[in-house]
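Architecture at a glance
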Amino acid sequence: MSELRELYQEVILDHNRNPRNFRKLELHSHHANGHNPLCGDKLELFLEVKDGMIKDIAFIGSGCAISTSSASLMTQFLKGKSVAETRRYFDHFHDLVTGQELTAEDLEGLGKLAVFAGVQEFPVRVKCASLAWHTLMNALESTAKTAQTED
Amino acid sequence: MFDIQNIRKDFPILGIEIHGKPLVYADNAASTQKPQQVIDVISDLYTKNYANIHRGVHQLSQRSTALYENARETVQKFINAESSQEIVFVRGATEAINLVASSYLDPLLEQGDEILISEMEHHSNIIPWQMLAERKRASLKIIPLLENGELDLETLPELLGPKVKLLAVTQMSNSLGTINDVSSMIRQAHAMNIPVLLDGAQSIAHIPIDVQALACEFFVFSGHKIYGPTGIGVLYAKKKVLEGMRPYQGGGDMILDVSFEKTEFNEVPYKFEAGTPNIEGAIGLATALDYVSELGVANIDKYEQKLLKYATVQFEAIQGLRIIGTAACKGSVISFVIEGIHPHDIGTILDMEGVAVRTGHHCTQPVMDCYNIPATTRVSLCFYNTKAEVDAITGAIKKVKELMG
């Protein structure tokens, strides 16, 4: 059960039960849909970007605990950050959940997102954890297509 | 009569551990495990009997051909077809349906025609018809689902209109477990001169099949869902129907005489088996069918029904758990949802307990839409599962609630 406790940490369960920034942004500059066909996770992500800064970010949708809490924690994490930084965070998060090595500094930079380290023991769940992030990259590239998690 | 411990010994994989726990394999609707007899016959083929079939005059080719053609007869007897010429070996149920769509229905279908299917079909019995309908500007008509997972057969007389060129329906739902009253559906379709394709991918392993009694024009199933290898399946079609169909793929073995001007096609079923077929698959499948016949499909059905009843009672007692698909006549499939916990999380936690189940939409997205759920967790049992395993699954589900609650 220890790997499971590692995966389903209290923070993750909490964000699954009460996802933060769980709403539609009527006024938004960027938007994308994400879909994980394997388990039917669907999410819709909205961003309000001004002067290169993420002023507001929110999502709606339905999914498993990992994908919901990942989206919730991601929105909290990114609010107030610059768009320019997001690619780097995406890469670091991806490294974290796939078990690639991260420098202590990079890990610290991910803040609360470090709770997703447990995902690396569950390769089939990487898609769940990274769905929100793939959707984010699509939204920022302003493509209209639905994000698929293919890694 | 049903010595479960001895039966389990025939399936070596059932003895392994997953994450340090004894494997509880409850994903049989997706694919079944293979008995030693099937594993051995494939190994024997390659160590003693293998060569290409229908070709050489040499001894090995003759042996291999005999094994392959005997396999066809085993299939014929298993589903009680009139002739082994009515048995076409294909890759699986999916290919069988695509074959019927392309070789039977395509030439017949005209603009404005209809293909009747049901809301509980597996994607494999939706997409081939949808693709064909689109190409021919025909349309799909759908027999709707009722809340309990049965088909609303009261709609059938109206749906079986003069434009319907085929009724294609599953005998047993892979996601709900529902066993459909196909005899009545076939009777009604035939009264309107509408041919019927039965998707037997699930039913084949659970209920006795007699295609002559059913009188369906087509019956399809996959080998791997009845304890045989993957990559082998069967299209049964009435001989007259089969003879009227155009070839599916061109190539070797499906011809009698070839010149660059003209080709004379082989007789059925060879007309539909272009190229070197899945020889080991056919032989493995026949061995699996022999294995099942020895246990007796009726005995299997009886045992599985008891197990289903037991599991249903156990699962229903878990607070917050709701079973999706509560038809009066069901095979040993239990799909469920738990309030507030996503099936994918349930699947991961069960896996850590050694319990293999399927989570997701089970290739039946319209069914999920009908119940307004994204996915379910599906426990699908068969004759090698035990009450003790059902208890282990129940215990694992309780752990899910503990961990996620």
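Here is what the cut-offs are and how they apply
- Residues numbered from 1 in each chain as written.
- Chains lettered and ligands numbered in written order.
- Predicted model: local features only at pLDDT ≥ 70, side-chain atom pairs only at ≥ 80, totals over all residues.
- Heavy atoms only, no water.
- Helix = DSSP H or I, 4+ residues; strand = E, 2+ residues; numbered from the N terminus.
- Rg over C-alpha atoms; globule rule 2.2 N^0.38 Å.
- Buried < 20%, exposed > 50% of the residue type's maximum accessible area, 1.4 Å probe, protein only.
- Contact = heavy atoms within 4.5 Å.
- Areas by Shrake-Rupley, 256 points an atom, 1.4 Å probe, with all protein chains shown as cover.
- Lys, Arg positive; Asp, Glu negative; His and termini not counted.
- Charge placed at Lys NZ, Arg CZ, Asp CG, Glu CD.
- Buried area = accessible area lost by both parts, 1.4 Å probe.
- Salt bridge = Lys/Arg side-chain N within 4 Å of Asp/Glu carboxyl O.
- Polar contact = N/O pair within 3.5 Å; in protein donor to acceptor, adjacent residues only side chain to side chain.
- Phe/Tyr/Trp six-rings, centres within 6.5 Å; stacked < 30°, edge-to-face > 60°.
- Domains from an automatic or database assignment.
- pLDDT = per-residue confidence, 0-100.
- Pairing = 2+ DSSP bridges.
- Disulfide = S-S within 2.5 Å.
- Expected span 1.5 Å × (residues − 1).
- Bend = angle between axes of the 7 residues up to and from the residue.
- Core = buried A, V, L, I, M, F, W, Y, C linked by side-chain atoms within 4.5 Å.

What to know about the overall build of chain B
Check the secondary structure of chain B and you find 14 helices and 17 strands. Since a compact globule built from 405 residues should have a radius of gyration of about 22 Å, the 22 Å found for chain B is in line with a globular shape. Across the 405 residues of chain B, 58% fall into the buried class. Intrachain contacts of chain B at a sequence separation of at least 6 include 71% that bridge at least 24 residues. Just so you have it, chain B exposes about 16500 Å², and 50% of that area is on carbon and sulfur atoms. Of the side chains in chain B, 35 bear a positive and 48 a negative charge, and the two mean positions are spaced by 1 Å.

So, the overall build of chain A
When you go through chain A residue by residue, the secondary structure sums to six helices and four strands. Taken from N to C terminus, the helices and strands of chain A fall in the order α-α-β-β-β-α-α-α-α-β. For chain A, the C-alpha radius of gyration of 14 Å lies close to 15 Å, the compact-globule estimate for 151 residues. Split into buried and exposed, the 151 residues of chain A put 50% on the buried side. For chain A, long-range pairs separated by at least 24 residues make up 59% of all intrachain contacts whose partners lie at least 6 apart in sequence. Carbon and sulfur atoms form 49% of the exposed surface of chain A, whose accessible area is close to 6900 Å². Across chain A, the mean location of the 16 positive side-chain charges is 7 Å away from that of the 21 negative side-chain charges.

A short note on the interface of chain B and chain A
Opposite the 17 residues of chain B that make contact, chain A presents 21 residues. The largest share of the area that chain B buries against chain A comes from B:His344, B:Met352 and B:Leu403, three residues that together contribute 38% of it. Here chain B and chain A share one salt bridge between them. Residue B:Asp345 is joined to A:Arg125 by a salt bridge in which the shortest nitrogen-to-oxygen separation is 2.9 Å. Taken together, the links from chain B to chain A amount to five residue pairs in polar contact (both at pLDDT 80 or more). At the level of secondary structure, the elements contributing two or more residues to the side of chain B that touches chain A comprise α12 (343-352), β16 (358-360) and α14 (387-404) of chain B. Element by element, the count of residues in the side of chain B that touches chain A is highest for α12(B), at five residues.

What about the packing of aromatic side chains?
All names here are of chain B. Evaluated as defined, the whole model comprises 19 aromatic pairs over all chains. Centre to centre, the rings of tyrosine 104 and phenylalanine 218 are 5.0 Å apart; their planes meet at 65 degrees, and the pair counts as edge-to-face. Placement of tyrosine 104 in helix α4 (residues 93-108) and of phenylalanine 218 in strand β9 (residues 218-222) is noted, with a sequence separation of 114 residues between them. Comparing tyrosine 104 with phenylalanine 218 shows no difference in burial state: the two are buried. Centroid distance tyrosine 227 to tyrosine 384: 5.9 Å. Interplanar angle 75 degrees. Geometry classified as edge-to-face. In this pair, tyrosine 227 is assigned in the loop between β9 and β10 (233-237) and tyrosine 384 in the loop between β17 (376-380) and α14, connecting sequence segments 157 residues apart.

Looking at the domain arrangement of chain B
Residues and elements named next belong to chain B. When cut into domains, chain B gives domain 1 (4-28 + 296-404) and domain 2 (39-294). Relative to domain 2, the C-alpha centre of domain 1 lies at a distance of 28 Å. The partner domain 2 presents 30 residues to the 36 residues of domain 1 that form the contact. Carbon and sulfur atoms make up 59% of the area that domain 1 and domain 2 hide from each other, which totals about 2600 Å².

A few points about the confidence of the model for chain A
Looking at chain A, pLDDT values average 91 and 93% of them are 70 or higher. Considering each helix and strand of chain A separately, the mean pLDDT is smallest for strand β4 (residues 147-148) of chain A, with a value of 58, and largest for helix α3 (residues 65-78) of chain A, with 97.

Brief notes about unusual backbone geometry
All names here are of chain B. Cis rather than trans, the peptide bond between valine 268 and proline 269 has omega equal to 0 degrees. Relative to the assigned elements, proline 269 resides in the loop between β12 (263-265) and α10 (279-295). Residue arginine 137 is not a glycine yet carries a positive backbone phi of 55 degrees. The topology assignment puts arginine 137 in the loop between α5 (127-136) and β6 (139-143). Note on arginine 137: relative accessible area 60%, which makes it exposed. Phi at tyrosine 227 is positive, roughly 70 degrees, even though this residue is not glycine.

Regarding the pairing of strand β4 (residues 87-90) of chain B
A regular strand places its side chains so that they alternate between the two faces of the sheet. All names here are of chain B. Side chains Ile87 and Phe89 of β4 all project onto a buried face; the interleaved residues Val88 and Val90 project onto the opposite face, where all are buried too. Here β4 pairs with β10 via four bridges, running antiparallel. Residue valine 90 lies in a different strand from β10, and its bridge partner there is glycine 233.

A word on the state of the cysteines
Residue and element names in this part refer to chain A. Enumeration over the complete set of coordinates arrives at zero disulfides over all chains. Between cysteine 128, a free cysteine, and cysteine 64, which holds the nearest cysteine sulfur, the sulfur-to-sulfur gap is 3.8 Å. Since its relative accessible area comes to 1%, cysteine 128 is described here as buried.

Thoughts on α4(B)
All names here are of chain B. Across its 16 residues, α4 extends 22 Å between first and last C-alpha, which sits within 8% of the 22 Å expected from 1.5 Å per residue. If you look at α4, its biggest bend is around 30 degrees, right at alanine 101. Buried within α4 we find Ala93, Glu95, Ala96, Ile97, Leu99, Val100, Ala101, Ser103, Tyr104, Leu105 and Asp106.

Description of the nonpolar core
Residues and elements named next belong to chain B. Among the nonpolar cores identified, the biggest contains 150 residues, and Phe315 and Phe383 are the most heavily contacted of them. If we ignore the near neighbours within four places in the chain, the residues touching phenylalanine 383 are Phe2, Ile4, Ile7, Phe11, Tyr227, Tyr291, Leu295, Ile300, Tyr303 and Glu304. Counting residues in each nonpolar core, the second largest holds 31 residues, with Ala101, Leu197, Phe218 and Val241 among its members.

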